[in-house]
Amino acid sequence: MSATIQSPAGAAFARILSIGSYRPERVVTNAEVCERIDSTDEWIRERSGIVERRYAAPDESVVDMAVSAAEKALASAGISADQVGFVLVATVTHPYPTPSASAEVAYRLGATNAGATDISSACAGFCYGLAMAQDMVRGGSAMYVVLVGVEKLTDWIDLHDRSTGFIFADGAGAVVVGPSDEAAIGPVVWGSDGSQLDAISMTQSLIDYRDNGGPRFPTLVMKGQQVFRWAVSKMAVASQEALDRAGVTADQLDAFIPHQANMRITDAMIRALHLPEHVAVARDIETTGNTSAASVPIAMDRMLSTGEAPHGGTALLIGFGAGLAYAAQVVTLP
Ligand code: UT7
C-alpha cells in the first residue's frame, strides 16, 4: 500500500542574514616570505597584489577559526545556536577526512539540532555552499544554515615552494542564511573541469616537508600559469551568466567580490565585465593573501565593516579554484 508522504515546506526565498570573519593575529610580510623562497617584495606585489598575509598559530585549528567566525555571524543575526538547522563548512585543509570539521563546529557552537557536513570545492567552496544553503532554506530542510569558509593553508603548502609559498594564507568567514520575503540570492552558475585535476592538487607525492624533515604527506601543488589562464578566460563568462540569470546588469551592482586569487585576475574580470567605476571591488588579497574557501566571506565582511560596500546592497560573488571548480551568484548583502 502506498502511503502519503508529507513533504517539507520551505521559505519563499533565502538571504544572507549576517556575516562574521576571523583573521589570525600573525601578520607575515613579503620580506619574511622572501627569507624562505627566492623572490622579492616587488615581484610578489606586482604579480599577485599581495603585500602581507595572516598565518594561524601552530595550535590554532581550522575548527577554532571556523567557530570564531560563526559565533560572530550568529550573534550579528540574533539567532541562537539551537535554531540552526544545518552547519556547512567549506574547507580543504581540515587535517583529517573524518570526522568532519562541521560536526565539531556544530558541537562547539551548541548547534545541537543541526545536520553537519563539509564541502570540498576548494576556493569555490563558499559560493557552492551558499547555493546549497539557499536550497535547504527554500526546500524546508533547515530554517537557518551556518555556512563557513575556512582554511589553514599553511599546514598544507611547502613554505619553501616558490610557486605557492607567497600566495596562500589562513582565515575564516561565516554567514547565516535564513528565510526571506524577497529574492536575495540569485541563481547559481557553477561547474567543474576534471580534465585539469593536476592544475591544483594535494598530491601524495613527494615533497619532503622540510620543516619536519620527516614524513611525507599530501602537499598542495599548483601550476599557477595554467590556473591563471583558465580563470582569466572563463571566470568573467561565468560571472556574466550569473548576472544575466539574476536579471541584474553591471551598473546595478554595488560590489564585486571575487575569490581573492590574484589581483591581476580580478582586474582582468573587471575589464571583461565592463564594471562601472561606482562598483566597489574587493581587493582584500593585498593584506590577507589567498585564503581559498575563506576569501569571499572575509572580503565581504571587510567591505561591509569599512563602508566600502553598503549593507543591503547588491553584490556579484564568484569563487574558483581546484577542480577546476567555480560557482557564481548575485546576492543582497547582509
Ligand atoms: O586560489 C586558487 C586559484 N589559484 C589561482 O587563481 C592562482 C593563479 N595563478 C597565479 O596567480 C599566478 O600564476 C602566480 C601569481 C601564482 C604566478 O605568477 P605568474 O605571473 O603566472 O608567474 P610565472 O609562473 O609565469 O613565472 C614568471 C616568472 C618566471 O621567470 P622567467 O622564466 O620569466 O625568467 C618564474 O621563474 O617569474 C618567476 N617566478 C618567480 N619569481 C620570483 C615564479 N615564481 C616566482 C616567485 N618569485 N615566487
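Given the structure is predicted, the values throughout are model-derived calculations rather than measurements. (Residues numbered from 1 in each chain as written. Predicted model: local features only at pLDDT ≥ 70, side-chain atom pairs only at ≥ 80, totals over all residues. Heavy atoms only, no water.)

**Looking at the packing of aromatic side chains**
Alright, step 1. Enumeration over the complete set of coordinates arrives at four aromatic pairs.
Alright, step 2. Each residue in the set W230, F320 and Y326 is aromatic and connected to the rest through ring pairs, giving one cluster. (Phe/Tyr/Trp six-rings, centres within 6.5 Å; stacked < 30°, edge-to-face > 60°.)

**A closer look at the packing of helix α3 (residues 62-77) against helix α4 (residues 101-109)**
Alright, step 1. Running from N to C, α3 and α4 point in directions that differ by 50°, and their axes come no closer than 10 Å. Viewed along their axes, α3 and α4 adopt a mutual orientation that is oblique. Pair α3 / α4 crosses with right-handed handedness. Residues V63, D64, A66, V67, A70, E71 and L74 of α3 form the contact with α4, whose own contacting residues are A101, E104, V105, R108 and L109.
Alright, step 2. Its residues assigned to classes, the contact of α3 with α4 shows eight nonpolar, no polar and four charged. (Axes fitted to C-alpha atoms, helices over the stretch in contact; angles between N-to-C directions. Helix = DSSP H or I, 4+ residues; strand = E, 2+ residues; numbered from the N terminus. Parallel < 35°, antiparallel > 145°, perpendicular 65-115°, else oblique. Left-handed = near helix turned anticlockwise from the far one by under 90°. Contact = heavy atoms within 4.5 Å. Nonpolar A, V, L, I, M, F, W, Y, C, P; charged D, E, K, R; others polar.)

**Overview of the side chain of S100**
Alright, step 1. Inspection of the secondary structure puts S100 in the loop between β4 (86-90) and α4.
Alright, step 2. Within polar-contact distance, the side chain of S100 engages the side chain of S102 at 3.0 Å.
Alright, step 3. In terms of polar contacts, S100 uses its side chain to reach the backbone amide nitrogen of A103, at 3.0 Å.
Alright, step 4. Discounting chain neighbours no more than four positions away, the residues touching S100 are H94 and D118. (Polar contact = N/O pair within 3.5 Å; in protein donor to acceptor, adjacent residues only side chain to side chain.)

**Describing the packing of helix α6 (residues 224-246) against helix α7 (residues 263-273)**
Alright, step 1. As a packed pair, α6 and α7 sit with axes 9 Å apart at the nearest point and diverge in direction by 45°. As summarised for this structure, α6 and α7 are arranged oblique, according to the angle between their axes. The way α6 lies across α7 gives a crossing that is right-handed. Facing F228, A231, V232, M235, A236, S239, Q240 and L243 of α6, the residues of α7 in contact are R264, I265, A268, M269, A272 and L273.
Alright, step 2. Class assignment of the residues belonging to the contact of α6 with α7 gives a composition of eleven nonpolar, two polar and one charged.

**Some points on the sheet that holds strand β8 (residues 189-192)**
Alright, step 1. Strand order across the open sheet formed by five strands is β8-β14-β13-β11-β12, with mixed pairing between neighbours. Because the sheet does not close on itself, it has two edges, and the strands there are β8 and β12 (280-281).
Alright, step 2. Examined bridge by bridge, strand β13 (residues 314-321) and strand β14 (residues 325-332) share eight bridges and lie antiparallel to one another. Counted as the bridge partner of T314 is T332 from β14.
Alright, step 3. Against the sheet, helix α5 (residues 125-139) makes contact with β8, β13 and β14, and its axis sits at roughly 55° relative to β14, the strand it touches most.
Alright, step 4. Sitting on the sheet, helix α9 (residues 295-306) is in contact with β11 (255-258), β12 and β13, with an inclination near 150° to β11. (Pairing = 2+ DSSP bridges.)

**Looking at the domain arrangement of the protein chain**
Alright, step 1. Split by domain assignment, the protein chain resolves into domain 1 (13-180) and domain 2 (189-332).
Alright, step 2. Facing 49 residues of domain 1, the contacting portion of domain 2 comprises 48 residues.
Alright, step 3. In total, about 4000 Å² of surface goes out of reach between domain 1 and domain 2, with carbon and sulfur atoms giving 62% of it.
Alright, step 4. Considering only the side of domain 1, the residues that lose the most area to domain 2 are R23, C123 and W156, jointly responsible for 16% of the buried surface there.
Alright, step 5. Along the contact surface separating domain 1 from domain 2 lie one salt bridge.
Alright, step 6. Residue D284 is joined to R23 by a salt bridge in which the shortest nitrogen-to-oxygen separation is 2.7 Å.
Alright, step 7. Scanning the region where domain 1 abuts domain 2 turns up 16 residue pairs in polar contact (both at pLDDT 80 or more).
Alright, step 8. Within the residue set of the side of domain 1 that touches domain 2, elements represented by two or more residues are β1 (13-22), α2 (41-48), β3 (52-55), α5, β6 (145-152) and β7 (170-180).
Alright, step 9. Per-element tally for the side of domain 1 that touches domain 2: the top contributor is β1, with six residues.
Alright, step 10. When its residues are assigned to classes, the side of domain 1 that touches domain 2 shows 25 nonpolar, 13 polar and eleven charged. (Domains from an automatic or database assignment. Buried area = accessible area lost by both parts, 1.4 Å probe. Salt bridge = Lys/Arg side-chain N within 4 Å of Asp/Glu carboxyl O.)

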